[in-house]
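Geometric and topological summary
Chain residues, written in single-letter form:
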Amino acid sequence: ADYELLYWDARTGRQNLDSQMDTGWATWTRVLGFPVMGIWPPGSDGTDVNACDRSPDGDFLVTADDGGAVKLFAHPAVVEDAAHRTYRGHSSHVTCARFSPDGERVISSGGRDRCVFQYRVWPVEAPEPRPPTPEKQWLPLDASGKNYGWRLP
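Right, let's walk through the structure included here.

Quick notes on the rules
Position numbers for residues start from 1 in each chain and track the written sequence from start to end. Where totals are concerned, whole chains, interfaces and linings use all residues; where local detail is concerned, this predicted model gives features only for residues with pLDDT of at least 70, and gives and counts side-chain atom pairs only at 80 or more. As a rule here, side-chain values cover all heavy atoms of the structure and leave hydrogens and water aside. Helix and strand assignments follow DSSP, with helices taken as H or I runs no shorter than four residues and strands as E runs no shorter than two, numbered in order from the N terminus. Exposed residues in this analysis have more than 50% of their type's maximum accessible area, buried residues have under 20%, and partly exposed residues fall in between, with area computed by a 1.4 Å probe over protein chains only. In this description, contact between two residues means that some pair of their heavy atoms is separated by no more than 4.5 Å. Accessible surface is estimated by sampling points in the Shrake-Rupley manner with a 1.4 Å probe; for residues, cover comes only from the protein chains shown. Only four residue types enter the tally: Lys and Arg on the positive side, Asp and Glu on the negative side, with His and both chain ends excluded. To locate a charge, the coordinates of NZ of Lys, CZ of Arg, CG of Asp or CD of Glu are taken. A pair of strands is considered paired only if DSSP assigns at least 2 bridges between the two. For helices, the fitted axis covers only the stretch in contact; all axes are lines through C-alpha atoms, and the angles between them, taken along N-to-C directions, range from 0 to 180 degrees. Residues enter a nonpolar core if they are buried and are Ala, Val, Leu, Ile, Met, Phe, Trp, Tyr or Cys, with the set joined through side-chain atoms within 4.5 Å.

**Overview of the overall build of the protein chain**
- Summing up its helical and strand segments, the protein chain has zero helices and 11 strands in all.
- Reading the helices (α) and strands (β) of the protein chain from amino to carboxyl end gives β-β-β-β-β-β-β-β-β-β-β.
- Dimensions along the principal axes, computed over C-alpha positions, put the protein chain at roughly 90 × 40 × 35 Å.
- Here the protein chain holds 153 residues, and 28% of them are scored as buried.
- Across the protein chain, contacts joining residues at least 24 apart in sequence account for 33% of those joining residues at least 6 apart.
- Carbon together with sulfur atoms contributes 53% to the accessible area of the protein chain, which is approximately 11300 Å² in total.
- Mean positive and mean negative side-chain charge positions of the protein chain (16 and 21 charges, respectively) differ by 6 Å.

Structural data, given as structure tokens:
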């Protein structure tokens, strides 16, 4: 396999040679392409990720891999070794993972274990930002004003 992305016109049966870089796709189930280039783990050989699916709202990607993991990424995953959450349970490789049409569930199917798992997509609230810590200033340390040092105002 050359890992090429080739496009065809379904009406004519001919290859479409025009650039498809800015084309908006209704779904994304390919493991290759710019928006999913960060799903590949370091040292992978191009066959380690078996399936990929973008959520209906376009916010997430889910992958199925040979290590028995289902991984959830933010979409697009364009940085190398993109941040993700890993979910385990299958005893061998995972053949497929897909979002439900409403985007509230992920369904995965195992290879040798022949299991189908259902995960619920649960929104996580961002934590409240910490208040900034005040900077220390060079101020008097006592009421006489003769002793100075670094302290909080």
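Still to come is the rest of the account.
**Description of the environment of Pro101**
- Tracing the sequence through the fold places Pro101 in the loop between β7 (94-99) and β8 (105-110).
- Each C-alpha atom of the pair Pro101 and Pro56 lies 6.6 Å from the other, and the pair is 45 residues apart in sequence.

**Quick word on the sheet that holds strand β6 (residues 84-88)**
- In space, the four strands of this open sheet follow the order β3-β4-β5-β6, with antiparallel pairing throughout. Taken across any chain shown, the strands that pair with only one partner, and hence form the sheet edges, are β3 (49-54) and β6. Direction aside, the axes of adjacent strands within the sheet are offset by 20 degrees on average.
- As paired elements, strand β4 (residues 60-65) and strand β5 (residues 69-74) share five bridges and run antiparallel to each other. Residue pairing for β5: Leu61 is matched across the bridge by Phe73.

**So, the nonpolar core**
- Counting residues in hydrophobic clusters, the biggest one holds 11 residues: Trp28, Val31, Val36, Ile39, Trp40, Val49, Cys52, Leu61, Phe73, Ala77 and Ala82.
- Excluding anything up to four places from it in sequence, Val36 contacts Trp28, Arg30, Val31, Cys52, Leu61 and Ala77.
- In this structure, Ala64, Ala97, Phe99 and Tyr119 belong to the second largest nonpolar core, which totals nine residues.

**Observations regarding the side chain of Ser108**
- For Ser108, the position within the fold is in strand β8.
- Judged by its relative accessible area of 1%, Ser108 falls in the buried class.
- In contact with Ser108, other than residues within four places in its own chain, are Val70, His90, Val94, Cys96, Ala97, Cys115, Val116, Phe117 and Tyr119.

**Observations concerning unusual backbone geometry**
- Of note, the bond from His75 into Pro76 is cis; its omega dihedral lies within 30 degrees of zero at 0 degrees.
- Here Pro76 lies in the loop between β5 and β6.
- Positive phi outside glycine occurs at Asp81, with the angle close to 50 degrees.
- Among the structural elements, Asp81 can be located in the loop between β5 and β6.
- One non-glycine residue, Arg114, adopts positive backbone phi at about 55 degrees.
- Topologically, Arg114 is positioned in the loop between β8 and β9 (116-120).
- When its relative accessible area of 75% is taken as the criterion, Arg114 is described as exposed.

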